[in-house]
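# Examination of the molecular architecture
The lines below spell out each chain.
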Amino acid sequence: MPTALLDYESNDLKSCIAMMKGGSKTFFAASRLLPMRVRAAATALYAYCRVADDMVDQGGDVHANLAILRHRLDLIYAGTPADFVEDHALSLVVQQHNLPRLFLDALLEGFEWDALGRRYQTIEDLHAYAARVAGTVGAMMCWIMGSQSVATLARACELGVAMQMTNIARDVGEDARNGRIYLPLDWMQGAGLDALQWLDDPQATEIVKSQIGRLLDEADALYQRAEPGIAELPPDCRAAIFAASSIYGEIGRQLRREGLDSISRRTVVSTRRKLVLLAGAWTQVRWVYADPEQPDPLEAIRFLVDGCQSEMVGCANRKYFPNRTVSHRVERVLALLERLENEKLNPKPFKIP
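Not measured: the values here are computed from a predicted model. (Residues numbered from 1 in each chain as written. Predicted model: local features only at pLDDT ≥ 70, side-chain atom pairs only at ≥ 80, totals over all residues. Heavy atoms only, no water.)

### Some details on the overall build of the protein chain
Rules: By the criteria applied, helices consist of DSSP H or I runs no shorter than four residues and strands consist of E runs no shorter than two, each listed in order from the N terminus. Exposure is judged per residue with a 1.4 Å probe applied to protein chains only, and the accessible area is read against the type maximum: over 50% gives exposed, under 20% gives buried, and values in between give partly exposed. Shrake-Rupley sampling with a 1.4 Å probe provides the accessible areas, and residues are treated as covered by the protein chains on show and by no other component.
Scanning the protein chain from N- to C-terminus turns up 17 helices and zero strands. Taken across its 353 residues, the protein chain has 52% of its residues classed as buried. For the protein chain, the computed accessible surface area is about 16700 Å², with 52% contributed by carbon and sulfur atoms.

Below, the structure written as structure tokens:
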């Protein structure tokens, strides 16, 4: 029996798209740069990840919630998904792309660490967390695009870790007010800052700002390390990933311009600036080249790369078929973002029904 294909116009995918629009407008816009063969699978992955994260983080018995999610994964990989739209969509992704379960199991482990309020002593410990909640997403995106070499998969995981480092730096204040701290504890101790005392009254002190800057330095090094991997992706996917990397990197640059204060404010990249980055992505990505001397994988993501090498053998020669030129997709995304910007500047008047 032939493997069923994921239909972007199916009811399951339409429900997943609605989740994505409501949860991440930036991701929704960036996903429009992807070719249709990847976009449908990316949408299904996003919907599942969002639902799983919400379920683990909703309170109650964390371990019971995780047990339910792992059982649902059992059913997905058995080809008999539970009656949830995101499970049905993910089941088709699994069948169509032979997606290793290792990635999703590691993602759930990262969600568990979050729900249990885990803290991280060293930067290596923080890398291990980011590998699970974001490196796995990079790995899955790379996999469904059709590039499953060890080096390319490693760079995709590292890009995910870089993005998570940026997220953490941007959300230090918000996380602190929710009782969470992700900055490495030994960094704070080395700077003479009592992490628990600071958590009781989070302030944007110069010491904390220096820690945020240090975390952004870590992210920047990982963006640079990951960039050559973009050149190893299928040509019709490179601009989308380059654009995503550029936008996340811009969050860090904007945070620096704002004085590294992510305690009293939340850094936002304007829609207009995103338009510029998106417009430049499809041209600039042509100047990204693969590095013949690839570094070893970051230690924290090694288990993801090593754990799926047997699956790589069967997928190494899978073909991909571009179905729309990059420039045409860019034009569509720019039009979408421009419309969103115009709606923000000129909101429609409220009418009393």
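### Description of the nonpolar core
Filter applied, for reference: To form a nonpolar core, buried Ala, Val, Leu, Ile, Met, Phe, Trp, Tyr and Cys residues must be joined to one another through side-chain atoms within 4.5 Å. By definition, residues are in contact when any of their heavy atoms lie within 4.5 Å.
Core analysis: the largest hydrophobic core is formed by 101 residues, its most contacted members being Leu90, Leu99, Phe103, Leu126, Met165, Trp198 and Leu215. Sorting elements by how many residues they give to this core places helix H7 (residues 123-145) first, with 15 residues. Beyond its immediate sequence surroundings of up to four residues, Leu215 is in contact with Ile123, Leu126, Met165, Ile168, Ala169, Leu183 and Trp187.

### With respect to the pattern of salt bridges
Selection rule: Basic side-chain nitrogens of Lys or Arg form a salt bridge, by our definition, when they fall within 4 Å of a carboxyl oxygen of Asp or Glu.
Within the structure shown, the criterion is met by 21 salt bridges. Between Glu158 and Arg155 there is a salt bridge; the shortest N-O distance is 2.7 Å. Linking Glu158 with Arg155, this pair stays in helix H8 (residues 150-170), spanning three residues, or about one helical turn. Arg155 shares its class with Glu158; the two are buried. Linking Arg273 and Glu250 is a salt bridge whose minimum nitrogen-to-oxygen distance equals 3.3 Å. Here Arg273 is found in helix H14 (residues 271-284), whereas its partner Glu250 is found in helix H13 (residues 235-257), with 23 residues between them in sequence. The exposure class assigned to Arg273 is partly exposed, which follows from its relative accessible area of 32%.

### As for the packing of aromatic side chains
The criterion, for reference: Pairing of aromatic rings covers Phe, Tyr and Trp, the last counted by its six-membered ring, and requires centre-to-centre distances within 6.5 Å; plane angles under 30 degrees mean stacked, over 60 mean edge-to-face, and any other angle means tilted. Here, over-ring charges are defined by two tests on the NZ atom of lysine or the CZ atom of arginine: distance to the ring centre within 6 Å, and angle to the ring normal within 35 degrees.
With the rule as written, the count across this model stands at five aromatic pairs. Members of the aromatic cluster, connected to one another through ring pairs, are Trp113, Tyr120, Tyr129 and Tyr182. A cation sits over an aromatic face here: Arg72 above Phe84, 3.9 Å from the ring centre. One Lys or Arg, Arg118, reaches over the ring of Trp113 and ends 3.8 Å from the middle of that ring.

### Looking at the side chain of Ser245
With respect to the helices and strands, the residue Ser245 is situated in helix H13. Other than its neighbours up to four places away in sequence, Ser245 contacts Leu159, Met163 and Tyr223.

### Thoughts on unusual backbone geometry
Of note, the phi angle at Asn98 is positive, near 50°, even though the residue is not glycine. Within the secondary structure, Asn98 sits in the loop between helix H5 (85-97) and helix H6 (101-115). Positioned with a positive phi, Leu260 is a non-glycine residue whose angle comes to about 65°. Tracing the chain through its elements places Leu260 in the loop between H13 and H14. On the basis of relative accessibility, which here comes to 17%, the residue Leu260 falls in the buried class.

### Let's talk about the side chain of Asp175
Our working rule: Counted as positive: Lys and Arg. Counted as negative: Asp and Glu, with His and the chain ends omitted from the count.
Here Asp175 shows up in helix H9 (residues 172-177). Buried charge without a partner: Asp175 forms no salt bridge, and the closest opposite charge is Arg180, 5.6 Å away. Excluding residues within four positions of it along the chain, Asp175 makes contact with Arg180 and Tyr182.

### Topic: the environment of Asp236
The criterion, for reference: Distance and chemistry together define a polar contact, namely a pair of N or O atoms within 3.5 Å, with one atom able to donate a hydrogen and the other to accept it when in protein, and with adjacent residues in sequence counting only for side-chain atoms on both sides.
Mapped onto the elements of the fold, Asp236 is located in helix H13. The buried category is assigned to Asp236, whose relative accessible area is 4%. Within polar-contact distance, the side chain of Asp236 engages the side chain of Arg37 at 2.9 Å.

Such coordinate-based values are descriptive only and should not be taken to indicate function.
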